[in-house]
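So you can see what is in the structure, the chains are spelled out below.
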Amino acid sequence: MSVYLDNNATTRTDPCVVEAMLPFFTEQFGNASSAHAFGNKIAGAVKQARRSLKALLGAAYDHEIVFTSGGTESNNAAILSALVTQEGRDEIVTTSVEHQAILALVKELATRGVKTHLIPVDSRGRLDVEAFRWALGPRTAVASVMWANNETGNIFPVEDLARMARASGALFHTDAVQAIGRVPIDLKVSDIDMLSMSAHKLHGPKGVGALYLRKGTKFRPLIWGGAQERRRRGGTENVPGIVGLGKAAKLAAERLEAERVRVGALRDRLEQAMLQNGHCMVLGDVSCRLPNTANIAFEHLEGEAIVHHLNRAGIAASLGSACSSGSMEPSHVLSAMNLPARSLRGAVRFSLSHETAVEEIDLVIRTLSDIVAHLRAMSRERANPISDPAHSRS
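Undergrad: With reference to specific residues and values, describe the packing of helix α10 (residues 303-312) against helix α13 (residues 358-383).
TA: Where α10 contacts α13, the two axes come as close as 10 Å, and the packing angle between them is 130°. The angle between α10 and α13 places the two elements in the oblique class. Note that α10 runs across α13; the crossing there is right-handed. Here Ala305, Ile306, His309 and Leu310 of α10 lie close against α13, whose contacting residues are Thr367, Leu368, Ile371, His374 and Leu375. By residue class, the composition of the contact of α10 with α13 is six nonpolar, three polar and no charged.

If you want it as structure tokens, here you go:
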């Protein structure tokens with residue numbers, strides 16, 4: 001049996017989503033912008049997908065949904081637009097634990113003279129809200145805070161942060177790639193101006209996503225071209241992808257509440273079993289996080305070795321650290337949390353989905369327990385090698 005527990009990286013495209021997409025490759029192949037019957041039928045499918053995503057996000061209007069190529073494009077479009085449309089404002093407020101789709105952008109913008117305030121987190125990955133409040137000022141163009149962290153699963157208080165940003169005159173954007181379909185969202189009652197999402201994190205296809213733009217929010221396109229998406233995103237629509245996103249959004253809305261409870265229970269089952277073995281800790285804010293994410297740090301072990309052995313056993317998990325310049329370096333998220341050295345490099349992330357079964361979790365528990373025991377035994381042997389009697393005689 002193979003087990004996939006890397007759903008924060010990507011999810012399997014739901015077979016119902018694939019089935020919904022297939023006709024738009026061969027039978028319904030028209031251009032949504034065309035005036036003839038072929039185009040009209042396609043335009044109707046795009047409209048329905050937009051409505052399905054609007055319902056999942058709790059948006060007020062269909063036209064607040066702009067289809068894009070995914071979360072990274074949406075993030076770039078939101079931040080760059082805010083810097084242009086917010087006259088007299090040229091600063092960004094974001095966090096030290098954002099995805100690289102945000103951090104790489106602000107790093108590049110720094111070379112152009114754009115100042116960014118990086119808000120720290122504590123040892124449990126919780127945002128310093130007071131530091132966020134103080135960073136907002138008359139020059140803040142946009143504050144961007146992820147809804148949920150991709151490594152720890154921590155959920156940030158974005159609704160509260162959006163109110164603070166609005167009170168300061170700044171726009172508020174959230175990268176909600178990990179949150180969509182996993183926690184309830186109701187944008188029409190929030191002060192969030194812009195939100196990014198990606199289909200492949202909720203069992204939709206890769207290469208398609210959306211940017212939510214609150215009605216009335218000034219926006220300058222990242223990609224110029226035709227009149228698609230009300231001239232906010234040029235280029236012929238990726239109709240099969242958009243249809244797939246719409247179907248995935250509909251399915252996510254239908255199963256959200258029931259799966260939150262079930263998946264959360266499976267995550268807890270895995271964590272509790274590992275904690276009983278000792279010498280490990282669950283990272284993040286266990287009282288406020290995604291139901292599908294467990295990041296466990298195994299003391300005095302290398303997460304890379306654990307993930308390697310899991311992979312050999314047919315189990316997919318991921319590191320809490322990223323490969324940089326050919327050597328393993330602790331992830332920026334875990335480094336920002338100031339974890340103790342004994343745990344920093346031993347973090348492994350397990351991310352579940354609605355497809356995860358209890359039998360799979362039990363298999364992971366048994367396999368992971370054996371792997372950790374094996375690696376600890378090897379570590380003890382290296383630390384206390386058995387002396388060769390022939391070399392011990394004088």
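Undergrad: Tell me about the pairing of strand β8 (residues 209-213), and please be specific about residues and values.
TA: Among the five residues in β8, five count as buried, and that is most of the element. Residue alternation in β8 divides its side chains into two sets, Gly209, Leu211 and Leu213 and Ala210 and Tyr212, and both sets are buried. With four bridges joining them, strand β2 (residues 65-68) and β8 adopt antiparallel strand pairing. Looking at β8, one finds that Phe67 is bridged to Ala210. One ladder, built from five bridges, connects strand β7 (residues 194-198) with β8; its direction is antiparallel. Bridging across to β8, Leu195 finds its partner in Tyr212.

Undergrad: Run through the pattern of salt bridges, naming residues and quoting values.
TA: Once their charged atoms are close, side chains differing in charge can pair, the charge on each being opposite to the other. Following the criterion strictly, the structure yields 25 salt bridges and no others. With a closest N to O distance of 2.4 Å, Asp90 and Arg139 form a salt bridge. In this pair, Asp90 is assigned in the loop between α4 (71-85) and β3 (91-95) and Arg139 in the loop between α6 (129-135) and β5 (140-144), connecting sequence segments 49 residues apart. A relative accessible area of 30% means that Asp90 is categorised as partly exposed. One connected set of salt bridges, linked through shared partners, spans Arg267, Asp268, Glu271 and Arg289.

Undergrad: So what about a nonpolar patch on the surface? Which residues, and what values?
TA: On the surface, a nonpolar cluster with roughly 280 Å² of combined accessible area is contributed by Val18, Leu22 and Phe25. Taking the relative accessible area as the measure of exposure, Phe25 reaches 52% and is therefore exposed.

Undergrad: Residue-level account of the environment of Lys47, with values.
TA: Inspection of the secondary structure assignment puts Lys47 in helix α3 (residues 37-57). For the pair formed by Lys47 and Gly169, sequence separation is 122 residues and the distance between their alpha carbons is 33 Å.

Undergrad: Please set out the nonpolar core residue by residue, giving values where relevant.
TA: Counting residues in hydrophobic clusters, the biggest one holds 66 residues, and the most contacted among them are Leu53, Phe67, Phe132, Trp147, Phe172, Ile180 and Leu195. Top contributing element to this core by residue count: helix α9 (residues 239-277), with eight residues. Non-local contacts of Leu195, meaning those with residues more than four positions away in its chain, are made with Leu57, Trp147, His173, Thr174, Ala176, Ile180, Leu187, Ala210, Leu211 and Tyr212.

Procedures and definitions
Residues numbered from 1 in each chain as written. Predicted model: local features only at pLDDT ≥ 70, side-chain atom pairs only at ≥ 80, totals over all residues. Heavy atoms only, no water. Axes fitted to C-alpha atoms, helices over the stretch in contact; angles between N-to-C directions. Helix = DSSP H or I, 4+ residues; strand = E, 2+ residues; numbered from the N terminus. Parallel < 35°, antiparallel > 145°, perpendicular 65-115°, else oblique. Left-handed = near helix turned anticlockwise from the far one by under 90°. Contact = heavy atoms within 4.5 Å. Nonpolar A, V, L, I, M, F, W, Y, C, P; charged D, E, K, R; others polar. Buried < 20%, exposed > 50% of the residue type's maximum accessible area, 1.4 Å probe, protein only. Pairing = 2+ DSSP bridges. Salt bridge = Lys/Arg side-chain N within 4 Å of Asp/Glu carboxyl O. Patch = residues over 30% accessible without salt bridge, like charges linked within 9 Å, V, L, I, M, F, W, Y side chains within 5 Å. Areas by Shrake-Rupley, 256 points an atom, 1.4 Å probe, with all protein chains shown as cover. Core = buried A, V, L, I, M, F, W, Y, C linked by side-chain atoms within 4.5 Å.

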